[in-house]
Amino acid sequence: MKSASTNQKTKFIFVTGGVLSSLGKGLAAAAIGALLESRGLTVTFQKLDPYINVDPGTMNPFQHGEVYVTDDGAETDLDMGHYERYTNAVMAQKNNYTSGRIYYSVITKERRGEYLGGTVQVIPHITDEIKRAVRQLEGSVDVAIIEIGGTVGDIEGLPFIEAIRQLRGDLGRENSLFIHLTLVPYIKTAGEVKTKPTQHSVRELRADGIQPDILVCRTEAPLTDDLKRKIGLFCSLNTDAVITAIGVESIYDVPLHLHAEGLDTKILELLNIWTGQPNIKPWQDLAHRIKNPADTVVIAMPGKYVDLTESYKSLHESLVHGGLANNVKVEIRYINAEDLENKNTAASLLDGCHGILVPGGFGERGVEGKIRAITYAREHSIPFFGICLGMQLAVVEYARNVAKLDKANSTELDSITPHPVIYLIKEWFDYRRNIMQVRDETSDMGGTLRLGAYPCALREDTLARTAYETDEISERHRHRFEFNNDYRAQLEEAGLTISGTSPDNNLVEIVEIQDHPWFLGCQFHPEFKSKPMRPHPLFRDFIAAALKKKHD
Ligand code: GLN
């Protein structure tokens, strides 16, 4: 369906959050995108994060959650993952800005003398830079959904709020929309829901010059019409612009709930866009499949950040998608990798799982425990999936225990190992930039990362080739260390299959073991490309193998 907007201009939806963080602003934005796509419109997103870090690449996943990597190699906020999973939009560096990135570019211009000696100020220089960042998206899609990180009233968020206030004037009323997400809590002692935090949050927003057009209220139970009327009255909104967002069983129910509340209808009315009825059947089917699995499989996942599942957001979702492809529920058993270092506890912690997944990671903590889990999977014929560090450790495990290369290791974990099967490769051809990359121990830490999408050629008659059903793929990377080709012949002779390499055959991308139900490690992060509607083939086949294992 072609969009029939009044003109070809991109319209902007600005999503802000009030009261407190973690209300699910990213999910709400993603769900709005999904609903607009279901009406045949094209969408894109942008997340404006108020913190000073230039990007989340160097931020601790404990604090910030997962670093999401895009095709163009940007290290971005995990909300980019929601956007890509819910829609067809492809995220890139231009879809995620932090205050740090904005200031960095203003300061760079100032140093170059571009402001001609003028005083450089938050208004207009920082706000102009923000507006430029937002307006880059103009012309590419029908609707751009801009999410402002943080909560209204935060000091560091003010320049963003001011910039979007100005943008309403620049873009015009029919081309811009303010959606504010708030909380309407149920207070047990009073036995009722309270609208006061929402009133205050809207007042705060108005003090910054923004009158929201639509309120999305997070609640435990649907708001009655009376309550909606009351909130509308205080916030100068019609009742149909007050939308309830109740807690849902599955995050993939969010688009359906918001649709039932009339959110997409209201958005289109206010933006003066005409479309036909939405096709939400794929979301209904998805919701049905999520709620009616035929079976359950247990996947053990030894990791470092086991206390914070936000750190493994995309991985978690990809496993859910793999389950959907097989009509099963995936129960993830997060295990602190350090607890696996003792052989006896390891066996009891892994007992009863139908698959083991070792995720990516940096540094030595828990590594020997992860290696023990890999040995367990290999020896007990339990389906194994190793991702990035997980693949590197599968190579180390195989080198040590099958090829008998004593003390084999990655130089990241043991710089004086006698058998550096994983190391910093000196030279590699960078397909994205079409140049030879040279790196060594003295290279800049961040600069040596291989980031973003790279091509990978698949070998015939392998698990990888069976899964992907094609001979060349593209997947996203975020790592420094690589498989050491000096050990390639030896490891292959010992039975390791190299099923995927860079097209020039220099970089090993996928390893497998035959004589095992399903054992595969990949250097890239397939979890950044899985969607509920299109489960990633490796996750699909891994879960299928786990299901088979369960019934063997
Ligand atoms: N630490 C490893 C490397 O830098 C793996 C990184 C990862 O798992 N993302 O190569």
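Predicted, not measured: the structure shown is a model, and the values here were computed from it.

**Here we look at helix 15 (residues 389-401)**
Line of reasoning, step 1. The end-to-end C-alpha distance of helix 15 is 18 Å, a good match for the 18 Å that 13 residues give at a rise of 1.5 Å each.
Line of reasoning, step 2. Within helix 15, 12 of the 13 residues are buried, which leaves the element mostly enclosed by the surrounding structure.
Line of reasoning, step 3. Buried residues of helix 15: Leu389, Gly390, Met391, Gln392, Leu393, Ala394, Val395, Val396, Glu397, Tyr398, Ala399 and Arg400, and no others.

**What about unusual backbone geometry?**
Negative phi values dominate among residues other than glycine, just as trans dominates among peptide bonds.
Line of reasoning, step 1. Of the consecutive residues isoleucine 123 and proline 124, the connecting peptide bond is found in the cis state with omega at 15°.
Line of reasoning, step 2. Of note, proline 124 is situated in helix 5 (residues 122-135).
Line of reasoning, step 3. Positive phi, normally seen in glycine, also occurs at lysine 404, with a value near 55°.
Line of reasoning, step 4. Note that lysine 404 resides in the loop between helix 15 and strand 18 (409-410).
Line of reasoning, step 5. At glutamate 469, a residue that is not glycine, the phi angle is positive and equals roughly 55°.
Line of reasoning, step 6. Along the chain, the position of glutamate 469 falls in the loop between helix 16 (463-468) and strand 23 (472-479).

**Topic: empty space enclosed by the protein**
Line of reasoning, step 1. Under the counting rule described, the total for this entry stands at 2 cavities of 30 Å³ or more.
Line of reasoning, step 2. Its volume calculated, the largest cavity comes out at about 70 Å³.
Line of reasoning, step 3. Only strand 2 (11-17) and helix 6 (158-171) provide two or more residues apiece to the lining of the largest cavity.
Line of reasoning, step 4. Of the residues assigned to the lining of the largest cavity, the class counts are 5 nonpolar, 7 polar and 2 charged.

**Considering the confidence of the model for the chain**
Line of reasoning, step 1. For the chain, per-residue confidence averages 92 on the pLDDT scale, and 95% of positions sit at 70 or higher.
Line of reasoning, step 2. Predicted confidence is poor over residues 1-7, with pLDDT under 50, and the contacts of this stretch with residues over four places away or in other chains come to 14 contacts.

**Some words on the UniProt feature "binding site: CTP" (unreviewed entry) in the chain**
Line of reasoning, step 1. If you check UniProt for "binding site: CTP" (unreviewed entry), the listed places come out as Ser21, Asp154, Ile155, Glu156, Lys194, Thr195, Lys196, Pro197, Thr198, Gln199 and Lys230 in our numbering. A maximum C-alpha distance of 31.3 Å among these annotated residues, which run over 210 residues, shows that they spread across the structure rather than meeting at one spot. From the list above, the largest cavity is lined by Asp154.
Line of reasoning, step 2. Looking at where isoleucine 155 falls in the secondary structure, it is placed in the loop between strand 7 (143-148) and helix 6.
Line of reasoning, step 3. The exposure class assigned to isoleucine 155 is exposed, which follows from its relative accessible area of 70%.
Line of reasoning, step 4. As for its position among the elements, lysine 196 is in helix 7 (residues 196-207).

**Considering the sheet that holds strand 18**
Line of reasoning, step 1. As summarised here, the arrangement of the 3 strands in space is 18-19-24, forming an open sheet in which the pairing is mixed. Where the open sheet ends on each side, the last strands, each with one partner, are strand 18 and strand 24 (482-483).
Line of reasoning, step 2. Running over the sheet, helix 15 touches strand 18, strand 19 (420-423) and strand 24 and is turned about 170° from strand 19.

About the cut-offs
Residues numbered from 1 in each chain as written. Predicted model: local features only at pLDDT ≥ 70, side-chain atom pairs only at ≥ 80, totals over all residues. Heavy atoms only, no water. Helix = DSSP H or I, 4+ residues; strand = E, 2+ residues; numbered from the N terminus. Expected span 1.5 Å × (residues − 1). Buried < 20%, exposed > 50% of the residue type's maximum accessible area, 1.4 Å probe, protein only. 1 Å grid on protein atoms, 1.4 Å probe; cavity = no way out; pocket = protein on both sides within 12 Å on 5 of 7 lines; lining within 4 Å. Points joined across faces, edges and corners; volume = space filled by probe spheres on them. Nonpolar A, V, L, I, M, F, W, Y, C, P; charged D, E, K, R; others polar. pLDDT = per-residue confidence, 0-100. Contact = heavy atoms within 4.5 Å. UniProt positions renumbered as here; feature names shortened; annotations may be inferred. Pairing = 2+ DSSP bridges. Axes fitted to C-alpha atoms, helices over the stretch in contact; angles between N-to-C directions.

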